[in-house]
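Residues per chain, in single letters:
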Amino acid sequence: MQVRRFPCDPGPAAWNELLPAGQQRAALKHAVTADWLVVGAGFAGLSAARRLSELHPTDRIIVLDATRVAEGPAGRNSGFMIDVPHDLTSSNYSGNTNHNLREIRLNRAGIDYAKSACEAFGMSAEAFSLRGKINGAITQRGVEHNTGYALHLDHLSEPYERLDANAMKSITGSSSYIDGLFSPGTAMIQPALFIRSLASGIETERLKIFEQSPVHELKREGVTWKAITPEGSVSTAKVILAVNGHLESFGFYDRSLMHIFTYGSMTHALSKTDLARLGGHSEWALTPADSLGTTVRRISGTGGDRLIIRNRATFDPTLAVKDKRISQVARTHDRSFKDRFPMLKNVEMQYRWGGRLCLSRNNVSVFGEIENNLYAACCQNGLGTAKGMVSGKLIAEEACGVQSDLLDDQKSDAQPSKLPPQPISTVGANMVLRWGEFKAGKEL
Ligand SMILES: Cc1cc2nc3c(=O)[nH]c(=O)nc-3n(C[C@H](O)[C@H](O)[C@H](O)COP(=O)(O)OP(=O)(O)OC[C@H]3O[C@@H](n4cnc5c(N)ncnc54)[C@H](O)[C@@H]3O)c2cc1C
């Protein structure tokens, strides 16, 4: 199969820019053989490679990525490794309990695998820490979302704490939030630092990562698979595709994967005066009560104290967006920022960027053997940090014949359902997103 499209990440990978220059790995420049090839060095790919090396320490494992480690979506997300999803799927707080419990089990297994990597590879608390997050509400509608979410959590016996406007101001410094719901199980990561540390932690003589090595073609030669990059090739018995939405670029699940871009902006490092004006805690992480609202984080690690916001979502089936999209979205970002932090009216954004997510219409992932000895752990449906970690680990176990209840949980998903034909799906999906953002009102 000829690969049809390649990753294209708009704007800088801001989290990576904050860090000292990282390890520059070579591109693949010759023909090699290996026991395993993993395509994609994001959460799923690195997790799969790590698990393979745990199960078969003497096997030779190659990881190829089209870009540099931490430059793709794995290094440009907002860094919430969420255990309990926001959109719990029952309308009466009692339906679908099994589905919710299964999803929470899987997400927690992903967070546990990330935590064990953090311990094994000596990552700092900046890279990974289990410190929870807040669902922040600005509008009455947002408060109702939080109340509904709290009922779900009660039903699932999950812990949480409700925060009033005063508590929200003392944490965030912003007077905009009238309600919050703190849940303790989310791990917060500096995504570029985490993914860089994971990549360097798993590398050994037997496990090699090649950057800037896009797979252009993947073909069978007898019983082996051969992956061809611009300057080299890998011949191998088994391949794991951990490329999220780019699975479609390899010719699989045509018209079944929804390619969404979402966007972030990060301020310059805040000055002492800015910090005094802002007040609040030095680190906090807030998801919006309305899922199409604005995610906000305050960080205080390498690169100084900064605020980061993320909002807007666009459906882009070509897997690419034009640069002007970033400047269009910047207008919404600046408004969202000024609404929440009017005391910081002189603070400018230093970085603006976008990145890819992959969803399916029926909220299922792509997991398993998709052709003989060709495996996929893709379509993470939004919560791709935790889901990528767990689906990567489990796809390695599946390919090695290891069985577990968790693997059965992961395999119990249906197949992604088909999207309507073009242009209906693009027009329809973007209308749904725009309407959702309109209804989010001040939560955006
Ligand atoms: C702005 C933003 C904020 C987000 N916030 C969050 C959040 O807070 N929490 C959360 O859980 N998720 C978040 N996400 C989503 C999350 O980043 C993704 O779901 C996650 O990165 C998916 O992990 P993955 O390993 O499956 O895929 P990816 O991280 O996309 O990794 C796939 C890799 O495959 C490589 N690849 C693709 N094609 C080829 C090829 N032909 N050859 C070689 N390599 C190839 C790509 O370069 C890429 O590095 C956010 C995304 C964005 C853009």
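Every value quoted in this text rests on a predicted model; they were computed, and no experiment measured them.

## Details of the site of the ligand
Now for step 1: Residues in contact with the ligand amount to 37 residues; listed here are only the nearest, F43, D65, F80, V215 and T385.
Now for step 2: The contact in question runs from an oxygen atom of the ligand to an N or O atom on the side chain of N77, over 3.5 Å.
Now for step 3: Within the contact set of the ligand, an oxygen atom lies 3.3 Å away from a backbone nitrogen or oxygen of G79.
Now for step 4: Residue contributions to the shell around the ligand peak at three residues, all from strand β17 (residues 349–360).
Now for step 5: Considering only residue class, the shell around the ligand consists of 18 nonpolar, 15 polar and four charged.

## Section: helix α8 (residues 323–340)
At 3.6 residues per turn, the α-helix brings residues three or four places apart onto the same side.
Now for step 1: Taking 1.5 Å per residue as the helical rise, α8 with its 18 residues ought to reach 26 Å, and the 26 Å between its terminal C-alpha atoms agrees with that figure.
Now for step 2: At A330, α8 shows its maximal bend, which comes to roughly 25°.
Now for step 3: What α8 keeps buried is the set R325, I326, V329, A330, T332, H333, S336, F337 and R340.
Now for step 4: Those residues of α8 hidden inside the fold are in contact with β13 (257–267), β15 (295–299), β16 (306–315) and β17.

## Looking at the sheet that holds β16
Now for step 1: Taking strand neighbours across the sheet as the criterion, the eight strands line up as β6-β7-β5-β14-β15-β16-β13-β17 in an open arrangement whose pairing is mixed. The open sheet has two edge strands, β6 (161–164) and β17, and neither has a second partner. The average angle at which neighbouring strand axes cross in this sheet is 25°, direction not considered.
Now for step 2: As paired elements, strand β5 (residues 133–137) and strand β14 (residues 284–288) share three bridges and run parallel to each other. Within β14, the position partnered with I134 by the bridge is L286.

## A closer look at unusual backbone geometry
Generally, phi is negative for residues other than glycine and the peptide bonds are trans, each holding for most cases.
Now for step 1: Of note, the bond from Q422 into P423 is cis; its omega dihedral lies within 30 degrees of zero at 0°.
Now for step 2: Along the chain, the position of P423 falls in the loop between α10 (405–411) and α11 (424–440).
Now for step 3: Look at Y253: it is not a glycine, yet its phi comes out positive at around 55°.
Now for step 4: Structurally, the position occupied by Y253 is in the loop between β12 (233–241) and β13.
Now for step 5: The phi angle at N381 is positive, at roughly 55°, despite the residue not being glycine.
Now for step 6: Here N381 lies in the loop between β19 (374–378) and α9 (384–399).

## Observations regarding the state of the cysteines
Now for step 1: Here the structure, examined in full by the defined rule, presents zero disulfides.
Now for step 2: C358 supplies the cysteine sulfur nearest to C378, a cysteine that is in no disulfide, at a spacing of 7.7 Å.
Now for step 3: When its relative accessible area of 1% is taken as the criterion, C378 is described as buried.

## Let's talk about the pairing of strand β1 (residues 31–39)
Now for step 1: Bridge count between β1 and β12: eight bridges; the pairing is parallel. Among the inter-strand pairings, V38 is bridged to a residue of β12, identified as I240.
Now for step 2: Bridge count for β1 against strand β2 (residues 61–64) is four bridges, and the pairing is parallel. Counterpart to V39 in the pairing with β2 is L64.
Now for step 3: With helix α2 (residues 43–55) bridging β1 and its parallel neighbour β2, the resulting β-α-β unit is right-handed.

## Some thoughts on the environment of A41
Now for step 1: In this structure, A41 sits in the loop between β1 and α2.
Now for step 2: Note on A41: relative accessible area 4%, which makes it buried.
Now for step 3: Taking the C-alpha atoms as reference points, A41 and K442, separated by 401 residues in sequence, lie 37 Å from one another.
Now for step 4: When neighbours within four sequence positions are excluded, A41 is seen to be in contact with L46, V63, L64, D65, V69 and I195.

## A word on the side chain of E443
Now for step 1: If you trace the backbone, E443 turns up in the segment after α11.
Now for step 2: One buried charged residue, E443, forms no salt bridge at all, with the nearest opposite charge on R340 at 5.4 Å.
Now for step 3: Non-local contacts of E443, meaning those with residues more than four positions away in its chain, are made with G136, A137, I138, T139, G142, A289, D290, G293, T294 and R340.

## Quick notes on the packing of aromatic side chains
Now for step 1: Overall, the coordinates contain five aromatic pairs when judged by the stated rule.
Now for step 2: Considering the side-chain rings of W284 and F341, the 6.5 Å spacing of their centres and the 35° angle between planes classify their relative orientation as tilted. Taken together, the residues span a long stretch of sequence, with W284 in strand β14 and F341 in the loop between α8 and β17 at a distance of 57 residues. As far as burial versus exposure is concerned, W284 and F341 are alike and both buried.

Reading guide: rules and limits
Along each chain, residues carry numbers from 1 onward, in the same order as the chain's sequence is written. Only residues with pLDDT of at least 70 get local features here, since the model is predicted, and only at 80 or more are side-chain atom pairs given and counted; chain-wide, interface and lining totals rely on the full set of residues. Hydrogens and water molecules were not included; the side-chain quantities draw on all heavy atoms of the structure. Here, proximity means that at least one heavy atom of the residue falls within 4 Å of the molecule or strand. Residues adjacent in sequence count toward polar contacts only when both atoms are side-chain atoms; beyond that, a polar contact is any pair of N or O atoms within 3.5 Å, and within protein one must be able to donate a hydrogen and the other to accept it. What counts as a helix is a DSSP run of H or I of at least four residues, what counts as a strand is a run of E of at least two, and both are numbered from the N terminus. As a working rule, the residues Ala, Val, Leu, Ile, Met, Phe, Trp, Tyr, Cys and Pro are called nonpolar, Asp, Glu, Lys and Arg charged, and the rest polar, with Gly in that last group. Multiplying 1.5 Å by the residue count of a helix minus one yields the expected span of that helix. Bend at a residue means the angle formed by two fitted axes: the first through the 7 residues ending at that position, the second through the 7 residues beginning there. Using a 1.4 Å probe on the protein chains alone, a residue whose accessible area is under 20% of its type maximum counts as buried, one over 50% counts as exposed, and one in between counts as partly exposed. By the convention used here, residues are in contact when the closest approach between their heavy atoms is within 4.5 Å. By this definition, two strands are paired if DSSP reports at least two bridges between them. Where helices are involved, their axes are fitted lines through C-alpha atoms of the stretch in contact, as for all axes, and angles between N-to-C directions lie from 0 to 180°. Whenever a pair of cysteine sulfur atoms sits within 2.5 Å, that pair is classed as a disulfide. A crossover gets the label right-handed when its path from the first strand over the helix to the second runs clockwise, viewed with the strands pointing away from the viewer. Under this rule, positive means Lys or Arg and negative means Asp or Glu; His and the chain ends count for nothing. In what follows, salt bridge is the name for a side-chain nitrogen of Lys or Arg lying within 4 Å of a carboxyl oxygen of Asp or Glu. Stacked, tilted and edge-to-face are the three classes assigned to paired rings of Phe, Tyr and Trp, where Trp is represented by its six-membered ring and a pair needs centres within 6.5 Å; plane angles under 30 degrees give stacked, over 60 edge-to-face, the rest tilted.

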